[in-house]
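Structural description and commentary
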Amino acid sequence: MPLPAKVRLVEVGPRDGLQNEAQPISVADKVRLVDDLTDAGLSYVEVGSFVSPKWVPQMAGSAEVFAGIRQQPGVTYAALAPNMRGFEDALAARVKEVAVFAAASEAFSQRNINCSISESLQRFVPIMEAARQHGVRVRGYVSCVLGCPYEGEVDAAQVAAVARELYEMGCYEVSLGDTIGTGTPGATRHLFNVVGAQVPRPHLAGHFHDTYGQALANVYASLLEGINVFDSSVAGLGGCPYAKGASGNVASEDMVYMLQGLGIDTGIDLERLIAAGQRISAVLGRATGSRVARARNAC
Ligand SMILES: CC(C)(COP(=O)([O-])OP(=O)([O-])OC[C@H]1O[C@@H](n2cnc3c(N)ncnc32)[C@H](O)[C@@H]1OP(=O)([O-])[O-])[C@@H](O)C(=O)NCCC(=O)NCCSC(=O)C[C@@](C)(O)CC(=O)[O-]
């Protein structure tokens, strides 16, 4: 397939990136990060999660973060909601878009949200119904699409079945998560071929972690399969609390650099994005995970 002229980036740094941090990060620092990202031109930012603070303590202040950000027109500010309690909390925080998250592996589903895949899908049904009533858009995630930390290999047909259920229940887009970053470009192409037969490709997105250094290659493989929405994380922040050893998402800066090199428009100002990544890396007290930012800083 020819490369797309445009790609939409879903910035997941403030949520997927920060959820794994053990050190406290203030609401002010989170707000500043979200505002920096939208100032850099990101049109979609996942701001936080309405999940149990016992399970993911770092996301406890998500309502305050939503209250503090400078919401810009044309930008989507989203949050994760695993159940009706999370959806209602999101609604109270005036969130206009939520994401529900399922997994392609039973063991990961149990560890992440304490229920089976089928129970999780049933939990999402009332969320979809309430979301329709309140005009809230719902995005879906499937985790462990190219490998599971507990079960190993995951069948693409199983990913397709879960993705299809999410799509059919009303998720306008389903993001396929390579949670532990074990996927390679051939496996990624195979995955999108199998899932693309069940869910139209314009409704699929790629979510690649860089644990094995394959993320950008997997993005490129996905582009060749007609996928043009990708999740990424500024400064390569992150990991998953329920996938030990998983490193961050592909860095947003590296994505933008590669896409610009391919002549693909993202609408993002790379220099401002690098500055946003530098600021949050300083807050966290460590070097950025973006190779592009590191190279630019060395110049
Ligand atoms: C789903 C639950 C809540 C089930 O957790 P549970 O313990 O089975 O829930 P429960 O219904 O039995 O309730 C237990 C307690 O939690 C409370 N509770 C119940 N729901 C909520 C809520 N929404 N917000 C706040 N509190 C909540 C509830 O009120 C109760 O409080 P208590 O009576 O004990 O004081 C829990 O497992 C959970 O929060 N899991 C979240 C895990 C998570 O956030 N993981 C990271 C995101 S997924 C990810 O990163 C992957 C992704 C998307 O990026 C893609 C990829 O890379 O793969």
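Residues numbered from 1 in each chain as written. Predicted model: local features only at pLDDT ≥ 70, side-chain atom pairs only at ≥ 80, totals over all residues. Heavy atoms only, no water.

By the naming in an unreviewed UniProt entry, the protein chain is hydroxymethylglutaryl-CoA lyase, taken from Pseudomonas bharatica CSV86. According to its UniProt record, the protein chain has this under Catalytic activity (unreviewed entry): "(3S)-3-hydroxy-3-methylglutaryl-CoA = acetoacetate + acetyl-CoA". Per UniProt, the protein chain carries the Sequence similarities (unreviewed entry) text "Belongs to the HMG-CoA lyase family." (UniProt positions renumbered as here; feature names shortened; annotations may be inferred.)

This brings us to the side chain of E225. Take E225: it is sitting in the loop between α9 (215-224) and β8 (229-232). At a separation of 3.5 Å, a polar atom in the side chain of E225 contacts the side chain of N193. When sequence neighbours within four positions are dropped, the list of residues in contact with E225 reads M1, R189, F192, N193 and R201. (Helix = DSSP H or I, 4+ residues; strand = E, 2+ residues; numbered from the N terminus. Polar contact = N/O pair within 3.5 Å; in protein donor to acceptor, adjacent residues only side chain to side chain. Contact = heavy atoms within 4.5 Å.)

This brings us to the site of the ligand. In the vicinity of the ligand lie 27 residues, with Q19, N112, N114, S143 and T179 positioned nearest. R85 is positioned with one of its side-chain polar atoms (N or O) 3.1 Å from an oxygen atom of the ligand. Side-chain polar atom of N114 to an oxygen atom of the ligand: 2.8 Å apart, as the coordinates give it. If the ligand stood free it would expose 1100 Å²; the protein chains cover 75% of that surface. If you list the elements that add at least two residues to the shell around the ligand, you get α1 (13-17), α4 (84-92), α5 (106-113) and β5 (137-143). Taken together, the residues of the shell around the ligand break down into twelve nonpolar, ten polar and five charged. (Near = heavy atom within 4 Å. Areas by Shrake-Rupley, 256 points an atom, 1.4 Å probe, with all protein chains shown as cover. Nonpolar A, V, L, I, M, F, W, Y, C, P; charged D, E, K, R; others polar.)

Considering all chains together, one arrives at 16 salt bridges under this definition. Of the charged contacts, one joins R279 and D36 as a salt bridge, the two residues approaching to 2.8 Å between their closest N and O atoms. Of this pair, R279 sits in helix α11 (residues 270-284) while D36 is found in helix α2 (residues 27-39), placing the two residues 243 residues apart along the sequence. Of the residues examined, R279 reaches a relative accessible area of 38% and is grouped as partly exposed. Ionic pairing is found between D89 and R85, a salt bridge with its closest N-O pair at 3.1 Å. One end of the pair is D89 and the other is R85, both in helix α4 and four residues apart, which spans about a single turn. (Salt bridge = Lys/Arg side-chain N within 4 Å of Asp/Glu carboxyl O. Buried < 20%, exposed > 50% of the residue type's maximum accessible area, 1.4 Å probe, protein only.)

Applying the stated rule across the entire model yields two aromatic pairs. Looking at R111, its charged tip hangs above the ring of Y150, at a distance of 4.2 Å from the centre. Sitting above the plane of the Y141 ring, R139 keeps its charged end 5.6 Å from the centroid. (Phe/Tyr/Trp six-rings, centres within 6.5 Å; stacked < 30°, edge-to-face > 60°. Lys NZ or Arg CZ within 6 Å of the ring centre and 35° of its normal.)

Glancing now at helix α6 (residues 117-134). Taking 1.5 Å of rise per residue, 18 residues should cover 26 Å, and α6 covers 26 Å from first to last C-alpha, within 8% of that figure. Listed in full, the buried residues belonging to α6 are I117, S120, L121, F124, I127, M128, A130 and A131. Along its buried surface, α6 packs onto α4, β4 (97-103), α5, β5 and α7 (156-169). Looking one or two residues past α6, G135 carries a phi angle of roughly 65°, positive in sign. (Expected span 1.5 Å × (residues − 1).)

Moving on: the pairing of β8. The side chains of a regular strand alternate between the sheet's two faces. Covered by surrounding structure in β8 are V229 and D231 together with F230 and S232, the residues of both alternating faces. Inspection of the sheet shows strand β1 (residues 8-11) paired to β8 by four bridges, in the parallel sense. By the bridge assignment, E11 is partnered in β8 with S232. By the bridge criterion, two bridges tie strand β7 (residues 204-208) to β8 in an arrangement that is parallel. What sits directly across from G206, in β8, is F230. Following the backbone out of β7, through α9 and into the adjacent parallel β8, one traces a crossover that is right-handed. (Pairing = 2+ DSSP bridges. Right-handed = clockwise from strand over helix to strand, strands pointing away.)

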